[in-house]
Amino acid sequence: MAGVRAHALVPRAVQGLAARGHAVAFLSTPRNLARLPPVPPHLSPRLRFVPLPLPRVDGLPDGAESTADVPPEKIELVKKAMDGLAAPLAAFLADAVAAGRRPDWIVHDFCHHWVPPIAGGHGVPCAAFMTVYAAFVAFLGPRWANVEHPRAATEDFAVVPRWIPFPSTIACRRRSEAESIAALFRANASGVSDMDRAWQLFECCRLAIYRSCDEVEPGMFALLTDLLQKPAIPAGILLPPVIADEDGDRPETLRWLDDQPPKSVIYVALGSEAPLTPGILHELALGLELAGVRFLWAVRNPAGMFSAANDAIKDELLPAGFEERTRGRGLVRTGWVPQVAALAHGATGAFLTHCGWGSTIESFACGHPLVLLPFVLDQPLVARAMAEKGVGVEVARDETDGSFDRDGVAAAVRRVMVDEEGKALASNAMKLRELLKDQGRQETYIDDLVEHLRRYRGRC
Ligand SMILES: O=c1ccn([C@@H]2O[C@H](COP(=O)(O)OP(=O)(O)O[C@H]3O[C@H](CO)[C@@H](O)[C@H](O)[C@H]3O)[C@@H](O)[C@H]2O)c(=O)[nH]1
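Remember, predicted model here, so these are calculated numbers, not experimental data. (Residues numbered from 1 in each chain as written. Predicted model: local features only at pLDDT ≥ 70, side-chain atom pairs only at ≥ 80, totals over all residues. Heavy atoms only, no water.)

## Quick word on the confidence of the model for the protein
For any part of a model where pLDDT is low, the fine detail of the predicted coordinates should not be relied upon. Considering every residue of the protein, the mean pLDDT works out to 92; 94% of them sit at 70 or more. For this predicted complex, the interface score ipTM comes out at 0.99, alongside a pTM of 0.94. (pLDDT = per-residue confidence, 0-100.)

Encoded structure:
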């Protein structure tokens, strides 16, 4: 499990298994492991992080190990480099088996289609862990459904797939959205299409685990079980805990929030994979300026979130004079921002999000109304679902080319933060929070997952 996904998931999912008495080895690359929260001492006897150095591939910047470290056009190179971990994983597994420590399961990310054959050679079953919106997996569909109903043109992704048996609005609305999904079906610089990775995985794994739950996506797991012909297990929303003081040092972003009035700030972040151009960042900046509200903006450096010289690059990313004109009511940060803690802060009142599934889930915990600015993959489908739930409004876009402008940003931000409509959105978001805040209920999803792992371990 690479990068930002692991950062969000390790505390609840992996620690949740260790807390139930299971020994867990968490394999990832050194830099991704270093970004993870430390293992609590009471779990350290059962949970260990195992670093597998990432092989070099041409064109991948030094030190890049996750999608957050590279611009969108290099994301496939991260997958290609990750594919080079097949031999180290095989060696790790062979050693474990030889030492009498054969794992009961390997649980892995969607893109590692090479894991099940290696695991199968040692008689170890695999489970795929899907961190995207589960409905998106149903929208993509299994291989057999795509063979029966081929989707060749981008227009084919603008309609609800025939294999969704109940009334649904799940379809792309704009050409740019459909194009990003159609691209998943084509071979890319990693040498394998994303759909081939996912399909090979589904065909070989025994279970598919989803970061979701019935309260958020009712009916979806029965459909996925049916479509993919293997149990679809919701693991719950796996909210990471709020860590506000890292090593006792309160981050500057949180100190800035401490000085703002309650619920006055919109937190702005667009995740790690949205294809951001200077034009997009400028319109977003000018829209925030026009909206006239307080904001905390975690800007992803297009060169990679962890690039050095993060602050120097702001001059290139932002419109001239933007920071001076918004000083006092806005803060822009280009490095890592503790998003979960920023969202949970009392000064934050709304979230402008790209609708990545991780960010969307994190918003549920705080009951924030959303300004929806989706770009690619599952994000447009998540945005539509959030708008249908009445918890957010989407930034207006040109229906043909998908572009947006500062006026659209300002209008959506004001609808959520200033206008009367914002109160209804906030109230709906709080209702959703109430539905999901039952930690006992969320823990039963992990208990059910453990039960499934037990039950399906011996089956072929
Ligand atoms: O400065 C930062 C930047 C990110 N994060 C965290 O990083 C994660 C970002 O995840 P997400 O919101 O899912 O965004 P992406 O990284 O863009 O997610 C990719 O993967 C998701 C599934 O895992 C998909 O839903 C998205 O479409 C795809 O872009 C979240 O937990 C954030 O809290 C921080 O804490 N601080």
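## Regarding the site of the ligand
Close to the ligand lie 21 residues; Ser272, Val337, Ser359, Glu362 and Asp378 are nearest. In the environment of the ligand, an oxygen atom lies 2.8 Å from a nitrogen or oxygen atom belonging to the side chain of Thr131. Residue Gln339 places a side-chain N or O atom 3.3 Å away from an oxygen atom belonging to the ligand. A total of 690 Å² of accessible area belongs to the ligand in isolation, and the protein chains cover 95% of it. Put simply, the parts of the chain that give the shell around the ligand at least two residues each are helix 1 (3-19) and helix 16 (357-366). Examining the composition of the shell around the ligand, we find that four residues originate from one element, helix 16, more than from any other. For the shell around the ligand, the residue count by class is seven nonpolar, 10 polar and four charged. Counting contributing residues, the shell around the ligand receives three or more from each of domain 1 (7-238 + 437-454) and domain 2 (250-435). (Near = heavy atom within 4 Å. Polar contact = N/O pair within 3.5 Å; in protein donor to acceptor, adjacent residues only side chain to side chain. Areas by Shrake-Rupley, 256 points an atom, 1.4 Å probe, with all protein chains shown as cover. Helix = DSSP H or I, 4+ residues; strand = E, 2+ residues; numbered from the N terminus. Nonpolar A, V, L, I, M, F, W, Y, C, P; charged D, E, K, R; others polar. Domains from an automatic or database assignment.)

## Here's the deal with the side chain of Lys230
With respect to the element layout, Lys230 can be found in the loop between helix 10 (220-228) and strand 6 (232-234). Buried and without a salt bridge, Lys230 has Glu203 as its closest oppositely charged side chain, separated by 8.5 Å. A distance of 2.6 Å separates the side chain of Lys230 from the backbone oxygen of Phe202, its partner in a polar contact. If sequence neighbours within four positions are ignored, Lys230 has contacts with Phe202, Glu203, Cys204, Cys205, Arg206, Leu224 and Thr225. (Buried < 20%, exposed > 50% of the residue type's maximum accessible area, 1.4 Å probe, protein only. Lys, Arg positive; Asp, Glu negative; His and termini not counted. Salt bridge = Lys/Arg side-chain N within 4 Å of Asp/Glu carboxyl O. Contact = heavy atoms within 4.5 Å.)

## Points about helix 4 (residues 86-98)
Here helix 4 spans 18 Å end to end across 13 residues, near enough to the 18 Å set by a 1.5 Å rise per residue. For helix 4, the set of buried residues is Leu89, Leu93, Ala96 and Val97. Looking straight down helix 4, one finds its buried side chains confined to an arc of 95 degrees; they lie on one side. Residues of helix 4 that are exposed and point more than 90 degrees away from the buried face comprise Ala87, Asp95 and Ala98. On its buried face, helix 4 sits against strand 1 (24-28), strand 3 (106-108) and helix 5 (115-120). (Expected span 1.5 Å × (residues − 1). Arc of directions from axis to C-beta.)

## Here's the deal with the sheet that holds strand 3
Read from one edge to the other, the open sheet built from four strands follows the order 3-4-5-6, with strand pairing classed as parallel. Looking at the sheet topology across the chains shown, the edges are occupied by strand 3 and strand 6. Taken over all neighbouring pairs, the strand axes of this sheet differ in orientation by 25 degrees on average, direction set aside. As defined by bridge partners, strand 3 adjoins strand 4 (residues 126-130) across three bridges and the pair is classed as parallel. (Pairing = 2+ DSSP bridges. Axes fitted to C-alpha atoms, helices over the stretch in contact; angles between N-to-C directions.)

## What about the environment of Arg333?
Structurally, the position occupied by Arg333 is in strand 9 (residues 330-333). We classify Arg333 as buried; its relative accessible area is 18%. Between the C-alpha atoms of Arg333 and Phe375, which are 42 residues apart in sequence, the distance is 21 Å. Of the polar contacts made by the side chain of Arg333, one reaches the side chain of Glu252; its length is 2.6 Å.

## Concerning the packing of aromatic side chains
Enumeration according to the criterion identifies 10 aromatic pairs in this entry. Between Phe139 and Phe157 the ring centres are 6.4 Å apart and the planes differ by 55 degrees, which places this aromatic pair in the tilted class. One end of the pair, Phe139, is in helix 6 (residues 134-140); the other, Phe157, is in the loop between helix 7 (143-148) and helix 8 (175-182), with 18 residues separating them in the sequence. Both residues of the pair, Phe139 and Phe157, belong to the buried class. Here Trp357 and Phe364 contribute two aromatic rings whose centre-to-centre distance is 6.1 Å and whose plane-to-plane angle is 80 degrees, an arrangement assigned as edge-to-face. Pair check on accessibility: Trp357 and Phe364 agree, each one buried. (Phe/Tyr/Trp six-rings, centres within 6.5 Å; stacked < 30°, edge-to-face > 60°.)

## Some thoughts on the pairing of strand 8 (residues 294-298)
With four of five residues buried, strand 8 is to be regarded as a mostly interior element. With five bridges connecting them, strand 7 (residues 265-269) and strand 8 associate as parallel partners. Among the inter-strand pairings, Tyr267 is bridged to a residue of strand 8, identified as Leu296. Handedness of the β-α-β unit built from strand 7, helix 12 (residues 278-291) and strand 8 comes out right-handed. Sheet topology places strand 8 next to strand 9; four bridges connect them, and they run parallel. Counted as the bridge partner of Trp297 is Val332 from strand 9. (Right-handed = clockwise from strand over helix to strand, strands pointing away.)

## Considerations on the pairing of strand 4
The buried fraction of strand 4 is high, at five of five residues. Along strand 4, one buried face is formed by Cys126, Ala128 and Met130 and the opposite face, lined by Ala127 and Phe129, is buried too. After leaving strand 3, the chain enters helix 5 and then returns to the sheet as strand 4, a path that is right-handed. Direction of pairing for strand 4 relative to strand 5 (residues 207-210): parallel, over a ladder of four bridges. Of the residues in strand 5, the one forming a bridge with Phe129 is Ile209.

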